[in-house]
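Fold and contact review
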Amino acid sequence: MRAIIFDSEICVVSNFAKPERKAGWSLIRLIKGGICNTDLEILKGYMNFKGVMGHEFIGEVVESDKVELIGKRIVGEINAACGICTTCLVGLGRFCPNRSVLGIQSLNGCFSDFFVLPDRNIHIVAPEISDNQAVFIEPLAAAYEVTEQIIPQECFKCVVLGDGKLGVLCAWVLSTFCADVTIVGKHSEKLQKAFWNGIKTVNLSESMPSDCDLTVEATGTIGGLQNALEITKPRGVVALKSTVAGMEKINLSLAVVKEISIIGSRCGPFYKALQGMKAHHFPVERLVDGEYKIEEGIKAFQKARERGVAKILLNNCAKEL
Ligand SMILES: [Zn+2]
Ligand SMILES: [Zn+2]
């Protein structure tokens, strides 16, 4: 089968072995995949991952012990937990110390014709959610995670730093809870795409917001945290969404002086993202900047790295592009 692989460099192969399905796991055919910032970080060495890349997808179950899944359009949570350790037994399988993670840690990802995931990770996609919308369920769930960790009050002043895909999704989700949401970015074309549901957009070169109750740091840089601490009000909250491969020094004294809570925020609840997509019709189509076939993987990643480009999709539909 075809696969996009990372092993110190990215390459596309056509003879990768089709994965074996274990009991309790499903074999999934890729319909569409989405290239995410984490994939770009993996190219720089994040998680030391080697194997088939990709974790954002919509697929079709082709083999499963759960017959009700076969033939269904599905999305899947990316953490494959052991299910038996103490962390798993308290319902926190996402943090299982023995977990593998689709396309990120010890588990081949979804940028191939076929891949496998545990049955319990799989969610059926309602027909009213399109393929392209479904590819955004994984990052949308990550955006909803912030609202699981800190319940946003309607009166909150919220700021999202970073106009990349995840930043935009975080702003859109927060705007369904809070009236005052601002997204701060560097790229006017990206900020334009973020404009929705009363969200204010601010260019980094303009004057920054201040006294925020909740600041989401999604710049993909360490420096974003410093800015976040500066604009957050005393006793406010900073949610960190950036996964950065590098290590830089940062001065945390502002967090102490202003008693700011810093929370790390990663993957989130798929059911909330699926409900949210149905209820709010987040305009994710405008974030799609191109679609490529699996064999065009190198070109697709080159495009995804270009400045100003939001989401690049890998299209594995039967229909020709
Ligand atoms: Zn992702
Ligand atoms: Zn476990």
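Residues numbered from 1 in each chain as written. Chains lettered and ligands numbered in written order. Predicted model: local features only at pLDDT ≥ 70, side-chain atom pairs only at ≥ 80, totals over all residues. Heavy atoms only, no water.

Topic: the overall build of the protein chain
Heads up, the condition is: The helix count covers DSSP runs of H or I at least four residues long, the strand count covers runs of E at least two residues long, and both are numbered beginning at the N terminus. Atoms counted for the radius of gyration: C-alpha only. Globule rule: 2.2 Å times the number of residues to the power 0.38. Throughout, exposure labels follow a simple rule: accessible area from a 1.4 Å probe, protein chains only, divided by the maximum for the residue type, with under 20% read as buried, over 50% as exposed, and the rest as partly exposed. Contacts are assigned to residue pairs that have any heavy atoms within 4.5 Å of one another. All accessible-area figures derive from a Shrake-Rupley calculation using a 1.4 Å probe, and residue coverage is judged against the displayed protein chains alone.
When helices and strands are tallied, the protein chain shows ten helices and 19 strands. Whereas a compact globule of 321 residues would reach a radius of gyration of roughly 20 Å, the protein chain reaches 19 Å, a difference of no more than 12%. If you line up the protein chain on its principal axes, its C-alpha atoms span 55 × 45 × 40 Å. Burial analysis of the protein chain (321 residues in total) assigns 54% to the buried set. In the protein chain, once contacts between residues fewer than 6 apart in sequence are set aside, the share between residues at least 24 apart is 68%. For the protein chain, the exposed area adds up to about 14,200 Å²; of that, 52% sits on carbon and sulfur atoms.

Observations concerning empty space enclosed by the protein
The following threshold applies: Residues are called lining when one of their atoms sits within 4 Å of a cavity or pocket point, these points coming from a 1 Å grid over the protein atoms alone, where a cavity is a set in which a 1.4 Å probe fits but cannot get out and a pocket is an open set with protein on both sides within 12 Å along at least five of seven lines. Grid points are joined across faces, edges and corners, and a volume is the space filled by probe spheres set on the points. Each residue gets one of three labels, nonpolar for Ala, Val, Leu, Ile, Met, Phe, Trp, Tyr, Cys and Pro, charged for Asp, Glu, Lys and Arg, and polar for the others, Gly among them.
Here the structure, examined in full by the defined rule, presents two cavities of 30 Å³ or more. In this structure, the largest cavity occupies an estimated 50 Å³ of space. For the lining of the largest cavity, the secondary-structure elements that each account for two or more residues are helix 5 (165-175) and helix 6 (188-194). Each residue belonging to the lining of the largest cavity can be placed in one class, and the counts come to three nonpolar, one polar and four charged. In terms of lining, the second largest cavity is formed by Glu77, Ile78, Asn79, Arg94, Glu138, Cys267, Gly268 and Phe270. Residues that form the lining of the second largest cavity fall into these classes: three nonpolar, two polar and three charged.

Quick notes on the coordination of the zinc ion (ligand 1)
Formally: Distances decide who is a donor: an N, O or S atom must be within 2.8 Å of the metal, or within 3.2 Å for Na, K and Ca. Water is not included, so sites may look incomplete.
Taken together, Cys36 (SG), His55 (NE2) and Glu56 (OE) make up the full set of protein donors to the zinc ion (ligand 1), lying 2.1 to 2.4 Å away. Between consecutive donors of the zinc ion (ligand 1), the numbers of intervening residues give the motif C-x18-H-E. One end of the pair, Cys36, is in the loop between strand 3 (25-35) and helix 1 (37-43); the other, His55, is in the loop between strand 4 (51-52) and strand 5 (56-63), and 19 residues separate them in sequence. When its relative accessible area of 10% is taken as the criterion, Cys36 is described as buried. Accessibility expressed as a relative area gives 2% for His55, which makes it buried.

Considering helix 10 (residues 297-305)
For clarity, the threshold we go by: For this quantity, the arc is that covered by the directions from the helix axis to the C-beta atoms.
Along helix 10, the residues that are buried comprise Gly297, Ala300, Phe301 and Ala304. End-on view of helix 10: buried residues confined to an arc of 95°, all on one side of the axis.

Topic: a nonpolar patch on the surface
Spelled out, the test is: What goes into a patch is any residue over 30% in relative accessible area without a salt bridge, connected to like charges within 9 Å or, for nonpolar side chains (Val, Leu, Ile, Met, Phe, Trp, Tyr), within 5 Å. Salt bridge, as applied in this entry: a Lys or Arg side-chain nitrogen positioned within 4 Å of an Asp or Glu carboxyl oxygen.
A cluster of nonpolar side chains, Val90, Leu92 and Phe95, forms an exposed patch at the surface whose accessible area comes to about 280 Å². For Val90, the position within the fold is in the loop between helix 2 (86-89) and strand 8 (100-102). Residue Val90 is classed as exposed on the basis of its relative accessible area of 61%.

Here's the deal with the packing of helix 4 (residues 137-149) against helix 9 (residues 270-280)
The line we're drawing: Think of each axis as a best-fit line through the C-alpha atoms, taken over the contacting stretch in the case of a helix, with angles from 0 to 180 degrees between the N-to-C directions. Throughout this description, any angle smaller than 35 degrees is read as roughly parallel, any larger than 145 degrees as roughly antiparallel, any in the 65 to 115 degree range as roughly perpendicular, and the remainder as oblique.
Relative orientation of the contacting elements helix 4 and helix 9 amounts to 100°, with a least axis distance of 8 Å. The pairing of helix 4 with helix 9 is recorded here as roughly perpendicular in orientation. Judged by residue contacts, Ile137, Glu138, Leu140, Ala141, Tyr144 and Glu148 of helix 4 engage Phe270, Lys272, Ala273, Leu274, Gly276, Met277 and His280 from helix 9. Grouping the constituent residues of the contact of helix 4 with helix 9 by class yields eight nonpolar, two polar and three charged.

Some points on the coordination of the zinc ion (ligand 2)
The condition is simple: Here the metal geometry follows the donor angles, with tetrahedral for four donors whose angles all fall between 85 and 135 degrees, square planar for four and octahedral for six when opposite donors are more than 155 degrees apart and every other angle is between 65 and 115, and irregular for all the rest.
Taken together, Cys82 (SG), Cys85 (SG), Cys88 (SG) and Cys96 (SG) make up the full set of protein donors to the zinc ion (ligand 2), lying 2.3 Å away. Given four donor atoms and angles of 104 to 118° at the metal, the environment of the zinc ion (ligand 2) is assigned as tetrahedral. Written as a sequence motif, the donor residues of the zinc ion (ligand 2) are C-x2-C-x2-C-x7-C. Cys88 sits in the buried class, given a relative accessible area of 13%.

Focus on the state of the cysteines
What is meant by a disulfide is a covalent connection between two cysteines, made through their sulfur atoms. Our working definition: Any pair of cysteine sulfurs within 2.5 Å is marked as a disulfide.
Applying the stated criterion across every chain, the model contains zero disulfides. Cys155 takes part in no disulfide bond, and the closest cysteine sulfur, belonging to Cys178, lies 8.0 Å away. A residue is classified by how much of its surface remains accessible, and Cys155, at 67% relative accessible area, is exposed. Cysteine Cys267 is unpaired, with the sulfur of Cys36 as its nearest cysteine sulfur at 9.5 Å. Assessed through its relative accessible area of 11%, Cys267 is described here as buried.

Thoughts on the nonpolar core
Under the convention used in this document: By convention a nonpolar core is built from buried Ala, Val, Leu, Ile, Met, Phe, Trp, Tyr and Cys residues, the set being connected through side-chain atoms within 4.5 Å.
Counting residues in hydrophobic clusters, the biggest one holds 46 residues, and the most contacted among them are Leu140, Trp172, Leu214 and Phe282. If you look at the next biggest cluster of nonpolar residues, it comprises 41 residues, including Ile4, Val61, Ile294 and Ala300.

Overview of the confidence of the model for the protein chain
Rules: The predictor attaches a confidence to each residue, called pLDDT, with possible values from 0 through 100.
Overall, the prediction assigns the protein chain a mean pLDDT of 94, with 98% of residues at 70 or greater. Reported for the predicted complex are a pTM of 0.93 and an ipTM of 0.97.

Some details on the sheet that holds strand 1 (residues 3-6)
Stated formally: DSSP bridges decide pairing: two strands pair if at least two such bridges lie between them.
What the three strands build is an open sheet, ordered 2-1-4; its pairing is antiparallel. Taken across any chain shown, the strands that pair with only one partner, and hence form the sheet edges, are strand 2 (10-13) and strand 4. Sheet topology note: the strand 1/strand 2 ladder contains four bridges and is antiparallel. The residue of strand 2 that forms the bridge with Ile5 is Cys11.

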